[in-house]
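Structural overview for review
Each chain is listed here by its residues.
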Amino acid sequence: MTNKTVRIATRKSALALWQAEYVKAQLEHFHDDITVELVPMTTKGDVILDTPLAKVGGKGLFVKELEVAMLENRADIAVHSMKDVPVDFPEGLGLEVICPREDPRDAFVSNTYKALADLPEGAIVGTSSLRRQCQLKAKRPDLDIRDLRGNVNTRLRKLDDGEYDAIILASAGLIRLEMSERIAQFIEPEEMLPANGQGAVGIECRTDDDNIKSLLAPLECATTRARVLAERAMNKALEGGCQVPIGSYAIINEDNSQVYLRGLVGAVDGSELIESEITGPIAEGEALGNQLAQELLSRGADKILAQVYSDSNND
Ligand SMILES: NCc1[nH]cc(CCC(=O)O)c1CC(=O)O
């Protein structure tokens, strides 16, 4: 009766494969009678490397091919970095599990400088994230922010080749790939708000596949889910795709009753940052995310985002 083989659709980057292997190991740990196979595939986001991500357009560049594979029954589950997962799912698919969160902070990586504050005037910083760019520019308008694409290893190589004085990456990716020694400084959320879902791995599957769902159940982390759902609700209400100058970060208090959510929308050039925060019962996390978004919109985030979306559609 039970499905003895679980097929995991995954991208082929080192980080994606690490995350798929992690889910495979977890599934095998909880169920000793199943076989888990990886089904590696290439996504549009992996192919279009020469265009700044913000200009490529379209949501879910890194997940669509994986979803089609599940819908066509060539795979059973897909493992994603939550921050790359669009807020809405195609008919027939859903986010079943959110695994325990790795460090959500951004990492300052440099071969020369020990921290952001040490960067000299005009230093060249690599990042293709509008979220990182607007927060860097707000604090340090002198910095020369240049686009940086590719998977984690490609980005590190470009840094090592001397194209940049420093780059910003997610700590989680470096930690998972056992390269945490490359992290010169963990940038605290107060200084740079992470992306929604940063550091969390999510598992998507067919909504009618009860067998797979029961196999996945032990991998769930309720605390991470509460945090990530509040963050995603804020992004959803802002209609934020994956390439937007939006930060959102939630934490849960010690007795697991309250969620504290902080959000930010920034003009890409850093000339304006609209920030706010909200606290409330954990069960209302998504409503709080929505409420926070409405506040940001009413304080000018609507104009900033309209500008960003029209820029990315015009070229
Ligand atoms: N957008 C690419 C991406 N998606 C997830 C991670 C890192 C791992 C994570 O956030 O779980 C990265 C790389 C980065 O931002 O440095």
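Everything below is about the structure printed above this text.
Just so you know, these numbers come straight off a predicted model, no measurement behind them. (Residues numbered from 1 in each chain as written. Predicted model: local features only at pLDDT ≥ 70, side-chain atom pairs only at ≥ 80, totals over all residues.)

1. Observations regarding the overall build of the chain
Along the backbone of the chain there are 10 helices and 13 strands. A globule of 315 residues ought to have a C-alpha radius of gyration of about 20 Å, and the chain, at 19 Å, matches this closely. Counting every position in the chain, which comprises 315 residues, the buried fraction comes to 46%. (Helix = DSSP H or I, 4+ residues; strand = E, 2+ residues; numbered from the N terminus. Rg over C-alpha atoms; globule rule 2.2 N^0.38 Å. Buried ≥ 20, exposed ≤ 12 C-beta atoms within 10 Å, placed from the backbone.)

2. Some remarks on the site of the ligand
With respect to spatial proximity, the complete set of residues near the ligand consists of Ser-81, Lys-83, Asp-84, Val-152, Leu-169, Ala-170, Ala-172, Gly-173, Gln-198 and Gly-199. Split by domain, the residues of the shell around the ligand number at least three in each of domain 1 (5-99 + 200-220) and domain 2 (106-187). (Near = placed C-beta within 6 Å. Domains from an automatic or database assignment.)

3. Re the environment of Leu-71
Along the chain, Leu-71 falls in helix 4 (residues 64-71). Its 13 C-beta neighbours within 10 Å are what place Leu-71 among the partly exposed residues. C-alpha separation for the pair Leu-71 and Arg-206, spaced 135 residues apart in sequence, amounts to 7.3 Å. Once you skip the residues sitting within four places of it in the chain, Leu-71 turns out to touch Gly-92 and Leu-93. (Contact = placed C-beta atoms within 7 Å.)

4. Some details on unusual backbone geometry
Of note in the backbone geometry, Asn-73 takes a positive phi value of approximately 60° without being a glycine. Note that Asn-73 resides in the loop between helix 4 and strand 3 (77-81). With a phi close to 60°, Asn-256 is a non-glycine residue in the positive phi region. Assignment of secondary structure puts Asn-256 in the loop between strand 11 (246-252) and strand 12 (258-266).

5. Structural notes on the sheet that holds strand 1 (residues 5-11)
Backbone hydrogen bonds hold the strands of a sheet together, and the pairing may be parallel or antiparallel. Taken together, the 5 strands give an open sheet; going across it, the order is 2-1-3-10-4, and neighbouring strands pair in mixed fashion. The open sheet terminates on both sides in strands that have one partner only, identified here as strand 2 (35-41) and strand 4 (93-98). Neighbour to neighbour, the strand axes of the sheet diverge by 30° on average, direction disregarded. Of the strand pairs in this sheet, strand 1 and strand 3 are connected by 2 bridges, and their pairing is parallel. Residue pairing in the sheet places Ile-8 in a bridge with Ile-77 of strand 3. Helix 4 rests against strand 1, strand 2, strand 3, strand 4 and strand 10 (201-206) of the sheet, and its axis sits at about 130° to strand 2. (Pairing = 2+ DSSP bridges. Axes fitted to C-alpha atoms, helices over the stretch in contact; angles between N-to-C directions.)

6. A word on helix 9 (residues 222-237)
An ideal rise of 1.5 Å per residue puts 22 Å on 16 residues; helix 9 measures up with 22 Å between its terminal C-alpha atoms. Every buried residue of helix 9 is listed here: Thr-224, Ala-226, Arg-227, Val-228, Leu-229, Ala-230, Glu-231, Arg-232, Ala-233, Met-234 and Asn-235. One or two positions beyond helix 9, positive phi appears at Glu-239, with a value near 55°. (Expected span 1.5 Å × (residues − 1).)

7. Regarding the nonpolar core
Judged by nonpolar contacts, the single largest core of 82 residues is most densely connected at Ile-8, Ile-77 and Ile-167. By residue number, the principal contributor to this core is helix 10 (residues 285-314), which donates 8 residues. Setting aside anything within four residues of it in sequence, one finds Ile-8 in contact with Ala-20, Val-23, Lys-24, Val-36, Glu-37, Leu-38, Val-39, Ala-75, Ile-77 and Val-79. (Core = buried A, V, L, I, M, F, W, Y, C linked by C-beta atoms within 7 Å.)

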